[in-house]
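Listed below are the residues making up each chain.
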Amino acid sequence: RSQNQSLPYSQRIVCSSLGGLASAASTIPLDVLVANIQSASAAGKKVSLLDSFRNSFHSGGFRSVFGFATRGFRARALHVMLTTVVVK
């Protein structure tokens, strides 16, 4: 394919969807951590990123750590994928 040719529509949809999925997968754990830290701060507690991971691990092991970091993943991934397809 030459540089002047654009991708077919189906390939653009697939590439945009995969880019949106990668974006959601990389940002959701951080967004959840930030929300937890902000919630603790509002309650008057000082919680660091490491403390947040430790508390989650102590309450339920790795399952708890991965569960809290991916809460709402399907909805967020679908939203970001569709938005990326429409915008691109």
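Everything below is about the structure printed above this text.
Residues numbered from 1 in each chain as written. Predicted model: local features only at pLDDT ≥ 70, side-chain atom pairs only at ≥ 80, totals over all residues. Heavy atoms only, no water.

Peer 1: It is not clear to me how helix 1 (residues 9-42) should be interpreted in this structure. Could you clarify?
Peer 2: In an α-helix, one turn spans 3.6 residues, which is why side chains three or four residues apart end up on the same side. The first and last C-alpha atoms of helix 1 sit 47 Å apart over 34 residues, in line with the 50 Å expected at 1.5 Å per residue. Thr27 marks the point of greatest bend in helix 1, at about 35°, and the proline Pro29 comes within the next four residues. Every buried residue of helix 1 is listed here: Ser16, Ser17, Gly20, Ala24, Ile28, Val32, Leu33 and Ala40. Just downstream of helix 1 lies Gly44, where phi reads positive at about 90°. (Helix = DSSP H or I, 4+ residues; strand = E, 2+ residues; numbered from the N terminus. Expected span 1.5 Å × (residues − 1). Bend = angle between axes of the 7 residues up to and from the residue. Buried < 20%, exposed > 50% of the residue type's maximum accessible area, 1.4 Å probe, protein only.)

Peer 1: I keep staring at the side chain of Ser17 and nothing clicks. Help me out?
Peer 2: Within the secondary structure layout, Ser17 lies in helix 1. Excluding residues that lie within four positions of it along the chain, Ser17 makes contacts with Met81 and Val85. (Contact = heavy atoms within 4.5 Å.)

Peer 1: Before we go on, may I ask you to explain helix 3 (residues 73-87) in this structure?
Peer 2: Between its terminal C-alpha atoms helix 3 stretches 21 Å, which fits the 21 Å expected from 15 residues at 1.5 Å a residue. For helix 3, every residue scored as buried is listed here: Ala77, Val80 and Thr84. All buried residues of helix 3 fall inside an arc of 70° around its axis, so they share one side. Facing away from the buried side of helix 3 by over 90 degrees, the exposed positions are Arg74, Ala75, His79 and Val86. Tucked into the core, helix 3 has its buried residues touching helix 1. (Arc of directions from axis to C-beta.)

These values are about where atoms sit, not about what they do.
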